[in-house]
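A look at the structure
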Amino acid sequence: TLPADKDFQHEVAGPMLERFLKAKKGVSVEHRRRILRLIENMTMGRNAVGYLTESLHGAGSPMAQRVLIARLMNLEHKKTLAKKLAGI
């Protein structure tokens, strides 16, 4: 679970959270938080979809569905859209 925004603003906990949530150089903790909140909102929050994309395929094995979806999607474009939605 990602800590609340209030936790990041706490004078003691905030710097500790920033330190432990750093990952790839050049990617701020704020941007990571925004993407994680977007994922949370899309999968469990008020904007969550009722069905997984894979479940709408309806034929073949789950792995075949994943392969087909991966082939048809433009990942870089999806990353750009996610960053825009997250305000990054």
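Quick caveat: nothing in here was measured; it's all calculated off a predicted structure. (Residues numbered from 1 in each chain as written. Predicted model: local features only at pLDDT ≥ 70, side-chain atom pairs only at ≥ 80, totals over all residues. Heavy atoms only, no water.)

**Considering the overall build of the protein chain**
How we decide: Only DSSP runs of H or I with at least four residues qualify as helices, and only runs of E with at least two residues qualify as strands; both kinds are numbered from the N terminus onward. Each residue is assigned to one of three classes by its accessible area relative to the maximum for its type, calculated with a 1.4 Å probe on protein chains only: buried under 20%, partly exposed between the two thresholds, exposed over 50%. Any two residues having at least one pair of non-hydrogen atoms within 4.5 Å are treated as being in contact. Surface exposure here means Shrake-Rupley accessible area, sampled with a 1.4 Å probe, where a residue is shielded only by the protein chains that are shown.
Across its full length, the protein chain holds five helices and zero strands. Start at the N end of the protein chain and walk to the C end: the helices and strands fall as α-α-α-α-α. The buried share of the protein chain, reckoned over its 88 residues, is 10%. Contacts in the protein chain between residues at least 24 apart in sequence constitute 38% of all its contacts with a sequence separation of at least 6. Of the roughly 7400 Å² of accessible surface on the protein chain, 60% is carried by carbon and sulfur atoms.

**Considering the packing of helix α3 (residues 29-43) against helix α5 (residues 75-86)**
The test is simple: Only the stretch in contact is used when fitting a helix axis, every axis being a line fitted to C-alpha atoms; angles between N-to-C directions are given from 0 to 180 degrees. Convention used here: angles under 35 degrees read as roughly parallel, angles over 145 as roughly antiparallel, angles from 65 to 115 as roughly perpendicular, and any remaining angle as oblique. Residues are grouped as follows: nonpolar covers Ala, Val, Leu, Ile, Met, Phe, Trp, Tyr, Cys and Pro; charged covers Asp, Glu, Lys and Arg; every other residue, Gly included, is treated as polar.
α5 packs onto α3 with a crossing angle of 100° between their chain directions and a minimal axis gap of 9 Å. Classified by the angle between their axes, α3 and α5 sit roughly perpendicular to one another. Side by side, α3 and α5 meet where Arg34, Ile35 and Leu38 of the first sit next to Ala82, Lys83, Leu85 and Ala86 of the second. Along the lines of polarity and charge, the residues of the contact of α3 with α5 split into five nonpolar, no polar and two charged.

**A word on a nonpolar patch on the surface**
Counted only if it meets this: Only residues above 30% relative accessible area that lack a salt bridge enter a patch, with like-charged residues linked at up to 9 Å and the nonpolar side chains Val, Leu, Ile, Met, Phe, Trp and Tyr linked at up to 5 Å. Salt bridge, as applied in this entry: a Lys or Arg side-chain nitrogen positioned within 4 Å of an Asp or Glu carboxyl oxygen.
Side chains of Val12, Met16 and Phe20 sit close together on the surface and give an oily, nonpolar patch of about 320 Å² of accessible area. Residue placement: Val12 occurs in the loop between α1 (5-9) and α2 (13-20).

**A few points about the pattern of salt bridges**
One pass over the structure, following the stated rule, counts five salt bridges. A salt bridge links Arg33 to Asp5, with the nearest nitrogen and oxygen atoms 2.5 Å apart. Remark: Asp5 occurs in helix α1 and Arg33 occurs in helix α3; sequence separation between them is 28 residues. Overlapping salt bridges, with partners in common, bring together Asp5, Glu30, Arg33 and Arg34 in one network.

**Examining α3**
For clarity, the threshold we go by: A helix is expected to span 1.5 Å for every residue after the first.
Spanning 15 residues, α3 covers 21 Å between terminal C-alpha atoms, matching the ideal 21 Å at 1.5 Å per step. Against α1, α2 and α5 lie the buried residues of α3.

**Remarks on the packing of aromatic side chains**
The following threshold applies: Note on aromatic contacts: the rings of Phe and Tyr and the six-membered ring of Trp form a pair at centre separations within 6.5 Å, being stacked when their planes are under 30 degrees apart, edge-to-face when over 60 apart, and tilted otherwise. Any Lys NZ or Arg CZ found within 6 Å of a ring centre and within 35 degrees of that ring's normal is scored as a charge over the ring.
Summed over all chains, the structure comprises zero aromatic pairs. Across the ring face of Phe8, the terminal group of Arg33 is positioned such that the distance to the ring centre comes to 3.8 Å.

**Notes on the confidence of the model for the protein chain**
Quick reminder of the rule: Per residue, pLDDT measures the predictor's confidence, with a range of 0 to 100.
Chain-level statistics for the protein chain give a pLDDT mean of 83 and a share of 83% at 70 or above. Taking the mean pLDDT of every element in the protein chain, the minimum, 80, falls on helix α4 (residues 62-72) and the maximum, 94, on α2.

**Details of the environment of Leu21**
Assignment of secondary structure puts Leu21 in the loop between α2 and α3. Placed eleven residues apart in sequence, Leu21 and Arg32 show a C-alpha to C-alpha distance of 8.3 Å. Those residues in contact with Leu21 that lie beyond four places of it in its chain are Leu2, Phe8, Val29 and Arg32.

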